[in-house]
Amino acid sequence: MQKLNGFEITEYKNSKRIIDIKIENEIIDKLIFPFNKFNITALEYKPFTRFTIAKSLDDLTNNKLSKFINLIIRDRNTGCFIISPKQISSKIDDVFLVKLSTAISHLIGTPNYDAMTGKYYARFFVKHQDKSDSYLRKAYTNMDLHTDGTYVKEITDWLLMTKLEEKNVRGGETAMLHLDDWEHCGELFNDPLGAQDFVWSSPKSKNVEYEVKHSIFSKDQKKQPQISYIDQFPEPKNMEQGLFLQKLSDSLEGSKNKIVTKLPVSSLIVANNHFWLHGRKSFKENKNLSRELLRIRGSFF
Ligand SMILES: [Fe+2]
């Protein structure tokens, strides 16, 4: 495994494909000063400041961190890492985590505009009650395995999700599935319907007015399968497409090779969005349930 001063790097406990990166205190301490140069408003209004804080993080590692995480995220065998402070302290609050997430994402690529919030990132809560129109904030429903960006024109090469805070949470584990671990990948990838164009649209809360058309499966440069899929947004135009989506959904959810894991507060998970699917288990009911998340999605440089 790679050695990086100020970081502890191991295979994640639940999967060899996920790299676990723990940030030692000395690095956290050194980040406080450069992170304090800009407040959140500056990061939102002046895109170049995001690169400045990303560079200040990378400089602490002689620019080895960016090389390392870019290798992981592009490597078909891994394609995913979790990065988190080794020790939780009062320095690590939501503002720090927004900045850390911004820094990490800007070492990988440029974020897509998140139409849900009108920013380069989105913060949102999952709570007991929800009146929204998608599964994102429905605490007591399983959020099925999917990729992000299925209904937008921008390319979504990667996604980053940060757990900012949670209270009274039981359940709600993160589910991850790598395409190469999925039992029926070959069968569905080789089905002609997998290469057929589907129409994708999204509910009102996403603030995306248009529809897009694309196939569920595609091939990378080495002809390996890639997927762009979510259960809620494709609009099947006939029985064949409908049944194909049902089969796909059943097969993904039925996979025994899903990684189901409880991510700690203050951790960031970053995954390649072409061959990793992600989802969330339902929460156990609690009136005071609260989880706050941050997401950034984008393309590679
Ligand atoms: Fe998602």
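Residues numbered from 1 in each chain as written. Predicted model: local features only at pLDDT ≥ 70, side-chain atom pairs only at ≥ 80, totals over all residues. Heavy atoms only, no water.

Engineer: What is the right way to read the sheet that holds strand β6 (residues 143–146) from this model?
Structural biologist: In a beta sheet, neighbouring strands pair by backbone hydrogen bonds and run either parallel or antiparallel. An order of β6-β16-β8-β14 is seen for the four strands of this open sheet, with the pairing classed as antiparallel. Of all the strands in the sheet, the pair left with one neighbour each is β6 and β14 (259–261). Across this sheet, the average inter-strand angle for adjacent strands is 15 degrees, counted without regard to direction. As judged from the five bridges shared by strand β8 (residues 174–178) and strand β16 (residues 276–280), these two strands associate in the antiparallel manner. Within β16, the position partnered with A175 by the bridge is G279. Across the face of the sheet, helix α7 (residues 239–253) comes into contact with β6, β8 and β16 while running at roughly 100 degrees to β6. (Pairing = 2+ DSSP bridges. Helix = DSSP H or I, 4+ residues; strand = E, 2+ residues; numbered from the N terminus. Axes fitted to C-alpha atoms, helices over the stretch in contact; angles between N-to-C directions. Contact = heavy atoms within 4.5 Å.)

Engineer: Would you mind going over the state of the cysteines with me for this structure?
Structural biologist: Disulfide: a covalent bond formed between the sulfur atoms of two cysteine residues. Counting across every chain of the model gives zero disulfides. Of all cysteine sulfurs, the one in C185 lies closest to C80, which takes part in no disulfide; the gap is 17 Å. Residue class for C80 comes out buried when judged on its relative accessible area of 0%. (Disulfide = S-S within 2.5 Å. Buried < 20%, exposed > 50% of the residue type's maximum accessible area, 1.4 Å probe, protein only.)

Engineer: How should I be thinking about the coordination of the iron ion in this particular structure?
Structural biologist: Ideal coordination angles are 109.5 degrees for a metal with four donors arranged tetrahedrally and 90 or 180 degrees for a metal with six donors arranged octahedrally. Within the protein, the atoms that donate to the iron ion are H146 (NE2), D148 (OD) and H278 (NE2), at distances of 2.2 Å. Sequence spacing among the residues donating to the iron ion works out to H-x1-D-x129-H. Taken together, the residues H146 in strand β6 and H278 in strand β16 connect sequence positions 132 residues apart. For the residue pair H146 and H278, the accessibility class agrees, reading buried in each case. (Donors = N, O, S within 2.8 Å, 3.2 Å for Na, K, Ca; no water.)

Engineer: Hey, could you run me through the packing of helix α1 (residues 25–36) against helix α3 (residues 47–59) in this one?
Structural biologist: Relative orientation of the contacting elements α1 and α3 amounts to 150 degrees, with a least axis distance of 10 Å. On the basis of the axis angle, α1 is roughly antiparallel to α3. Between α1 and α3 lies a crossing of right-handed hand. Each of I27, L31, P34 and F35 in α1 lies in contact with α3, whose residues at this interface are I53, S56 and L57. (Parallel < 35°, antiparallel > 145°, perpendicular 65-115°, else oblique. Left-handed = near helix turned anticlockwise from the far one by under 90°.)

Engineer: Got a minute to help me understand the sheet that holds strand β10 (residues 212–214) in this structure?
Structural biologist: Taken together, three strands build an open sheet; the order of strands is β10-β9-β13 and the sheet is antiparallel. Pairing within the sheet leaves two strands with one partner each, and these edge strands are β10 and β13 (234–235). Both strand β9 (residues 198–200) and β10 contribute to a ladder of three bridges, which runs antiparallel. Of the residues in β10, the one forming a bridge with V199 is K213.

Engineer: Please clarify how the packing of α1 against helix α5 (residues 94–105) should be interpreted in this entry.
Structural biologist: Helix-helix packing is characterised by the crossing angle of the two axes and by the distance between the axes. α5 packs onto α1 with a crossing angle of 90 degrees between their chain directions and a minimal axis gap of 11 Å. Judged on the interaxial angle alone, α5 and α1 are roughly perpendicular. In this structure, α1 uses I28, L31, I32, F35 and N36 to contact α5, whose residues at the interface are F96, K99, L100 and A103. Per-class residue counts for the contact of α1 with α5 are seven nonpolar, one polar and one charged. (Nonpolar A, V, L, I, M, F, W, Y, C, P; charged D, E, K, R; others polar.)

Engineer: I'm lost on the layout of surface pockets in this one. Help?
Structural biologist: Think of a ball as big as a water molecule: rolled over the atoms, this probe shows where empty space is left. Looking at the largest pocket, its volume works out to about 350 Å³. Its volume calculated, the second largest pocket comes out at about 300 Å³. Surrounding the second largest pocket, 20 residues form its lining, G149, T156, H214, S228 and H274 being those nearest its centre. Contributions of two or more residues to the lining of the second largest pocket are made by β10, β11 (217–219) and β12 (225–227). Considered class by class, the residues forming the lining of the second largest pocket number six nonpolar, eleven polar and three charged. (1 Å grid on protein atoms, 1.4 Å probe; cavity = no way out; pocket = protein on both sides within 12 Å on 5 of 7 lines; lining within 4 Å. Points joined across faces, edges and corners; volume = space filled by probe spheres on them.)

Engineer: Even after reading the chapter, I still don't get the pattern of salt bridges, so can you show me in this structure?
Structural biologist: Any two side chains of opposite charge can pair, so long as their charged atoms come close to each other. One pass over the structure, following the stated rule, counts 21 salt bridges. In this structure, E44 and K119 form a salt bridge, with 3.4 Å as the shortest nitrogen-oxygen distance. Residue E44 is located in helix α2 (residues 40–45), and its partner K119 is located in the loop between β4 (109–111) and β5 (122–127); the two are separated by 75 residues in the primary sequence. The class of K119 is partly exposed, set by a relative accessible area of 32%. The salt bridge involving E166 is made with K163; its shortest N-O contact spans 3.5 Å. Residue classification places E166 among the partly exposed residues on the basis of a relative accessible area of 21%. Linked by salt bridges that have partners in common, D114, D148, R295 and R297 make up one network. (Salt bridge = Lys/Arg side-chain N within 4 Å of Asp/Glu carboxyl O.)

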